[in-house]
Amino acid sequence: MGFGFTDEQNELRRVVRSFFESKADEAQVRRHMESPLGYDPLLWAQMSDELRLVGLAIPEEFGGQGFTFVELGIVAEELGRALVPSPYFASAVLASSALLGSGDDAAQRRYLPGIASGATIASLAVTEESGHWEAGAIQARARETADGWVVDGAKAYVLDGCSADVLLVAAQTDSGLSLFAIDRFESVARRALSTLDQTRKQARIEFSATPASLVGREGGAEAVLRSTLALGCAALAAEQVGGAQRCLEMSVAYAKARRQFGKPIGSFQAIRHKCADLFLDIECARGAAYYAVRAAAQRAPELPAVASLAKACCSEAYARAAAANIQIHGGIGFTWEHPAHLYFKRAQSSGRLLGDAPYHRGLLADEIGL
């Protein structure tokens, strides 16, 4: 499986990076991460309408651009590099993947065109109080009434849950774990959570006999969620590589500019070795992430294993890069005014999103029969 990018994919990266550098600099990121909505609607509209990034990997028959997961991974990497606050991961990655994996043509035609255009923000609600992604941890229940399906229970740590127009909710039924779409919120209580990473909003959501529509087959959601988790891990790994790379770039730039004893601190062995170690660490993580997005694009049989491998590897590499970035910057790296702490918080949050490194090592071991 080759990891090289085509000229068109490299051009996509160049355009996306240039766009985020001009439209989502640090000042913009700070302003929108502190807003209740959590992202810039104008920027989101430009991402959707002008660059067509939101529907990039959605098939053309559902209003998307029909590209592969490789192109989506490039966008995810650039989003992570710039720390852009947006519902892209929740809507264009998780929710879209769940709908496409459900095999429900009616649900796909109902929701995917709006998601692809950016007019509809969707999110996936799986985790509950435990924060675990296993099917056995899901306690929310759905029941069929004379008027249709209703959902009861609560979900926690739902990405962009307060701003979502559609929620795809995993709930137990008499036939097993099932997936439901909720787009009416009269009997839904949504509360924003106070989180470490302010650039990615999360919510707690409570359902009380909330009307819902079944997506896919009743009792068939476990396989859909496993596939969605693997695809989400591949995209998240690419995003983490983007953030880690930016931490390295900031560290090297500071090590060249900051002088002590008449020399750049980058000339000191401790700093030089730390930067070199980071470079090797990130390149190894990059290889794992690119392997995962290629496997995702091809829907390769090894996707679950390589996605877990990439998630574990990239989570730890990003955490080490973000911590080293603060250390190399010294006192200024600990201040609110410096962006190093934003990357550190994103690294810690992303490391736990979709399951932490030990969890994914366990999944990897199961996949390869250890």
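Residues numbered from 1 in each chain as written. Predicted model: local features only at pLDDT ≥ 70, side-chain atom pairs only at ≥ 80, totals over all residues. Heavy atoms only, no water.

Each helix and strand counted, the chain has eleven helices and nine strands in total. For 370 residues, the compact-globule formula gives about 21 Å, and the C-alpha radius of gyration of the chain, at 21 Å, lands near that figure. If one aligns the C-alpha atoms of the chain with their principal axes, the spans along those axes are about 80 × 45 × 40 Å. For the chain, with 370 residues in total, the buried portion stands at 55%. Restricting the contact set of the chain to residue pairs at least 6 apart, pairs at least 24 apart contribute 75%. Accessible area for the chain stands at about 15,600 Å²; split by element, carbon and sulfur atoms hold 53% of it. (Helix = DSSP H or I, 4+ residues; strand = E, 2+ residues; numbered from the N terminus. Rg over C-alpha atoms; globule rule 2.2 N^0.38 Å. Buried < 20%, exposed > 50% of the residue type's maximum accessible area, 1.4 Å probe, protein only. Contact = heavy atoms within 4.5 Å. Areas by Shrake-Rupley, 256 points an atom, 1.4 Å probe, with all protein chains shown as cover.)

When the UniProt feature table is mapped onto this chain numbering, "domain: Acyl-CoA dehydrogenase/oxidase N-terminal" (unreviewed entry) sits at residues 6–118. What you have in residues 6–118 is 68% helix and 0% strand, and the ends, taken at the C-alpha atoms, are 27 Å apart. (UniProt positions renumbered as here; feature names shortened; annotations may be inferred.)

As a further point, take the domain arrangement of the chain. Per the domain assignment, the segments making up the chain are domain 1 (7–120), domain 2 (123–218) and domain 3 (222–368). With centres defined by C-alpha atoms, the gap from domain 1 to domain 2 works out at 22 Å. Listed by partner, the interface residues are 25 residues for domain 1 and 19 residues for domain 2. Carbon and sulfur atoms make up 65% of the surface buried where domain 1 meets domain 2, a total of about 1,700 Å² over both sides. (Domains from an automatic or database assignment. Buried area = accessible area lost by both parts, 1.4 Å probe.)

By the definition in use, this model includes 24 salt bridges. A salt bridge links E21 to R81; its shortest N-O distance comes to 3.6 Å. Of this pair, E21 sits in helix α1 (residues 7–23) while R81 sits in helix α4 (residues 69–82), and the two are 60 residues apart along the sequence. With a shortest N-O distance of 2.9 Å, R110 and D183 are connected by a salt bridge. A residue pair is termed long-range when its members are at least 10 positions apart, and R110 in helix α6 (residues 105–117) and D183 in the loop between β5 (176–182) and β6 (188–192) qualify at 73 residues. It is possible to trace a salt-bridge network through shared partners that takes in R13, R17, E77, E78, E283 and R286. (Salt bridge = Lys/Arg side-chain N within 4 Å of Asp/Glu carboxyl O.)

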